[in-house]
Amino acid sequence: MPPKAASSSVQDSVKDDPLVLIVDDDDGMREAVVDLLQSVGIESRAFGSTAELLDAAVPDRPGCLILDVRLPGLGGLEFQTRLESLGIALPIIFMTGFADVPMSVRAMKAGATDFLIKPFRDQDMLDAVESAIARDRSRRRDRTAAMTVETLAATLTPREREVMAEVVKGRLNKQIAGDLGISEVTVKLHRGKVMRKMQVRSVADLVRKAEVLDHEG
């Protein structure tokens, strides 16, 4: 079925293409940023308020949010807090013509990737966007990897989880057997199953995957 395969490939490519969201109540500024990004081949969507963005159907793609600080309704800094409460980790680039040091410090401490003062240089904005998109791609890769590890870990039995926890601590089979009240042979069997189910070939690899689980937990 070649046509379907080709169509799927195109869809996957589009899904991985970055999308930048812009929120500013200044029509001219919105259009200028859209044109700037378009000039380097980056797709963007612009909104006049945070409410408009919240009401929009935005596809799940790598990208970032370019956000003005002073907006009608929910302001930029408040919107940053709102997104965090919703569990949305989209990198944010703030822009404003009325910045002060406390404002920029607050934004950066809350996770903003950059804080640009209007009027900004085009290259400064492009550099900030490139950095933010790279950060979002990295976050998405890490999350995908974590979900894979969680899926593998879900196949372990309670006893196998206990054995895995002891193995990553560096405990020997004999010590694990004594701690769990089972034979050393049984420990070896469980250990082998853990290695196969977690798709690792060494204890070092198992430790790395256990660290991912601890981080996600």
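Predicted model, so just to flag it, every value in this text is computed and none were measured.

1. Regarding the overall build of the chain
Right, so step 1: Within the chain, the regular secondary structure consists of 10 helices and five strands.
Right, so step 2: Against the 2.2 N^0.38 benchmark of 17 Å for 217 residues, the chain shows a C-alpha radius of gyration of 24 Å, more extended than a compact globule.
Right, so step 3: For the chain, the spread of C-alpha atoms along the principal axes amounts to about 75 × 55 × 30 Å.
Right, so step 4: Put simply, the chain has 217 residues, and 36% of those count as buried.
Right, so step 5: In the chain, of all internal contacts separated by at least 6 residues, the share reaching a separation of at least 24 is 62%.
Right, so step 6: Accessible area for the chain stands at about 12600 Å²; split by element, carbon and sulfur atoms hold 53% of it.
Right, so step 7: Of the charged side chains in the chain, 30 are positive and 34 negative; the average position of the first set lies 12 Å away from that of the second.

2. Remarks on the sheet that holds strand β4 (residues 92-96)
Right, so step 1: Taken in spatial order, the five strands make up an open sheet running β2-β1-β3-β4-β5, and their pairing is parallel. Where the open sheet ends on each side, the last strands, each with one partner, are β2 (43-47) and β5 (114-117). Strand after strand, the sheet turns through a mean of 20° between neighbouring axes, direction not considered.
Right, so step 2: One ladder, built from four bridges, connects β4 with β5; its direction is parallel. Following the sheet pairing, M95 is matched in β5 by L116.
Right, so step 3: Most of the contacts of helix α2 (residues 27-39) go to β2, to which it runs at about 175°, and overall it touches β1 (19-23), β2, β3 (63-68) and β4.

3. Observations concerning the pairing of β4
Right, so step 1: For β4, the buried fraction is high: five of the five residues fall into the buried class.
Right, so step 2: Neither face of β4 is left uncovered, since the one carrying I92, F94 and T96 and the one carrying I93 and M95 both have all their residues buried.
Right, so step 3: Relative to β4, β3 is paired through four bridges, and the arrangement is parallel. Counterpart to I66 in the pairing with β4 is I93.
Right, so step 4: Handedness of the crossover joining β3 and β4 through helix α4 (residues 76-85) is recorded here as right-handed.

4. So, the domain arrangement of the chain
Right, so step 1: What the domain assignment lists for the chain is domain 1 (19-142) and domain 2 (155-216).
Right, so step 2: Each of domain 1 and domain 2 has a C-alpha centre, and the two are 44 Å apart.

5. Details of the side chain of R30
Right, so step 1: Mapped onto the elements, R30 comes out in helix α2.
Right, so step 2: In this structure the side chain of R30 is engaged in a polar contact, spanning 2.6 Å, whose partner is the backbone oxygen of D24.
Right, so step 3: Not counting residues up to four positions away in its chain, the partners in contact with R30 are D24, D25, A46, F47 and G48.

6. A few points about the pairing of β1
A regular strand carries its side chains on alternate faces of the sheet.
Right, so step 1: Among the five residues that make up β1, five are buried, leaving the element largely enclosed by the rest of the structure.
Right, so step 2: Burial along β1 is two-sided: L19, L21 and V23 and V20 and I22, pointing in opposite directions, are all buried.
Right, so step 3: Bridge count between β1 and β2: five bridges; the pairing is parallel. Among the inter-strand pairings, V20 is bridged to a residue of β2, identified as S44.
Right, so step 4: Handedness of the crossover joining β1 and β2 through α2: right-handed.
Right, so step 5: Pairing geometry for β1 and β3, over five bridges, is parallel. Counted as the bridge partner of V20 is C64 from β3.

Cut-offs used in this document
- Residues numbered from 1 in each chain as written.
- Predicted model: local features only at pLDDT ≥ 70, side-chain atom pairs only at ≥ 80, totals over all residues.
- Heavy atoms only, no water.
- Helix = DSSP H or I, 4+ residues; strand = E, 2+ residues; numbered from the N terminus.
- Rg over C-alpha atoms; globule rule 2.2 N^0.38 Å.
- Buried < 20%, exposed > 50% of the residue type's maximum accessible area, 1.4 Å probe, protein only.
- Contact = heavy atoms within 4.5 Å.
- Areas by Shrake-Rupley, 256 points an atom, 1.4 Å probe, with all protein chains shown as cover.
- Lys, Arg positive; Asp, Glu negative; His and termini not counted.
- Charge placed at Lys NZ, Arg CZ, Asp CG, Glu CD.
- Pairing = 2+ DSSP bridges.
- Axes fitted to C-alpha atoms, helices over the stretch in contact; angles between N-to-C directions.
- Right-handed = clockwise from strand over helix to strand, strands pointing away.
- Domains from an automatic or database assignment.
- Polar contact = N/O pair within 3.5 Å; in protein donor to acceptor, adjacent residues only side chain to side chain.

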